[in-house]
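Examination of the molecular architecture
Letter by letter, the chains look like this.
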Amino acid sequence: EKMNSTVSEEPDALSVVNQLRDLAADPLNRRAIVQDQGCLPGLILFLDHPNPPVVHSALLALRYLAECRANREKMKSELGMMLSLQNVIQKTTTPGETKLLASEVYDILQSSNVSDTDNVNEMNYRRRKAQFFLGSTNKRAKTVVLHIDGLDDSSRRNLCEEALLKIKGVISFTFQMAVQRCVVRIRSDLKAEALATAIASTKVMKAQQVVKSESGEEMLVPFQDTPVEVEQNTDLPEYLPEDESPTKEQDKAVSRVGSHPEGAGSWLSTAANFLSRSFYW
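What comes next is a walk through the structure. Keep in mind the model is a prediction, meaning the values are calculated, not measured.

Spatially, 2-3-1-4-5 is the arrangement adopted by the five strands of the open sheet, whose pairing is antiparallel. A strand with exactly one partner marks an edge of an open sheet, and here the two such strands are strand 2 (170–176) and strand 5 (218–222). Strand after strand, the sheet turns through a mean of 35° between neighbouring axes, direction not considered. Relative to strand 5, strand 4 (residues 206–212) is paired through five bridges, and the arrangement is antiparallel. Residue pairing for strand 5: Val211 is matched across the bridge by Met219. Sitting on the sheet, helix 9 (residues 154–165) touches strand 1 (141–149), strand 2 and strand 3 (181–187), and the angle it makes with strand 2 is about 165°.

Here you go:
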């Protein structure tokens with residue numbers, strides 16, 4: 001009986017957490033999501049979910065929310081937040097990318113009440129501690145900044161996100177839509193070319209790397225045109241068939257919420273209802 005209800009909840013949990021992640025990707029929604037009664041506790045519960053992609057998606061949502069400075073104190077003090085992040089980091093079954101992402105969110109929140117002068121020391125201390133948690137098997141992460149030609153609306157962003165999520169070694173990414181950029185955190189053993197190959201596979205976008213010259217000026221460096229063999233992320237679930245795919249609705253939801261913040265409220269209450277149902281049946 002219980003087993004069946006778990007199975008039937010599974011796609012729902014993933015589509016709800018993906019919706020929250022997409023809403024959190026839009027800076028206009030970040031305050032509203034954290035102020036909402038049900039969403040933060042729901043995301044914390046998702047961190048204990050048995051399905052790895054649900055946990056990773058919840059962490060991406062939290063990573064987006066933590067970008068808004070005003071959210072950090074509330075997030076940090078939310079019941080179970082820091083403990084659940086530590087659990088994800090320490091659990092031996094957690095995939096490496098997910099551990100790194102969880103420690104990144106932990107670092108940001110942990111240093112939220114520290115004055116700027118202490119900030120650097122605090123972050124270094126936390127990072128060392130996070131690396132201790134992660135163990136020696138995880139090589140360090142690196143940041144790659146991409147300029148993406150064609151990244152000009154939310155449906156393109158979704159395409160780009162899907163392509164990046166399929167690559168083994170991608171930890172997190174942040175979109176800067178106004179300047180057509182994507183900041184990607186990846187495992188240090190992943191070649192940046194793999195990101196370009198994945199983005200080129202969308203057929204509608206092309207990536208160049210943003211690098212700083214010695215004088216500190218930014219330059220765009222094109223990637224080689226030879227495609228790199230990309231290792232697929234096998235933990236991710238199969239995508240739903242086209243006619244059932246939740247992404248069609250997501251575009252509407254994201255753009256609607258962005259332009260009318262009151263739309264966010266009604267969607268968030270639906271999410272909160274779902275969260276209370278799914279965790280207490």
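Below, the discussion takes up helix 6 (residues 81–90). The element helix 6 is extensively covered by neighbouring structure, given that seven of its ten residues are classed as buried. Within helix 6, burial applies to Met81, Met82, Ser84, Leu85, Gln86, Val88 and Ile89.

Inspection of the secondary structure puts Arg63 in helix 4 (residues 52–67). A distance of 2.8 Å separates polar atoms of two side chains, one belonging to Arg63 and the other to Glu104.

Time to look at the environment of Val55. Residue placement: Val55 occurs in helix 4. Sequence separation of Val55 and Ala102 is 47 residues, and the distance between their C-alpha atoms is 9.6 Å. With sequence-adjacent residues up to four places away left out, Val55 is seen in contact with Phe46, Leu47, His49, Val88 and Thr98.

Keep in mind that most residues, glycine aside, have a negative phi and that most peptide bonds are trans. Unusually for a residue other than glycine, Gln180 sits at a positive phi of about 55°. With respect to the helices and strands, Gln180 occurs in the loop between strand 2 and strand 3. A relative accessible area of 22% means that Gln180 is categorised as partly exposed. The phi torsion at Lys203 lies on the positive side, around 70°, for a residue other than glycine. Summarising the element assignment, Lys203 is placed in the loop between helix 10 (192–200) and strand 4.

The rules we used
- Along each chain, numbering runs from 1 in the same order as the chain's sequence is written.
- Confidence filtering applies because this is a predicted model: local features only for residues at pLDDT of at least 70, side-chain atom pairs given and counted only at 80 or more, and all residues used for totals across whole chains, interfaces and linings.
- Note that water and hydrogens are dropped before the side-chain values are worked out from all heavy atoms of the structure.
- The pairing criterion for strands is at least two bridges between them, as found by DSSP.
- The numbering of helices and of strands both runs from the N terminus, where a helix is a DSSP run of H or I of at least 4 residues and a strand a run of E of at least 2.
- Here the axes come from fitting lines to C-alpha atoms, over the contacting stretch only for helices, and the angles between their N-to-C directions go from 0 to 180 degrees.
- Between two residues, a contact is recorded if the distance between any of their heavy atoms is within 4.5 Å.
- Remark: exposure states derive from per-residue accessible area (1.4 Å probe, protein chains only) relative to the maximum for the residue type, with buried under 20%, exposed over 50%, and partly exposed in between.
- In protein, a polar contact means a hydrogen-donor-capable atom and an acceptor-capable atom, both N or O and within 3.5 Å, with residues adjacent in sequence counting only if both atoms are side-chain atoms; elsewhere, any N or O pair within 3.5 Å suffices.

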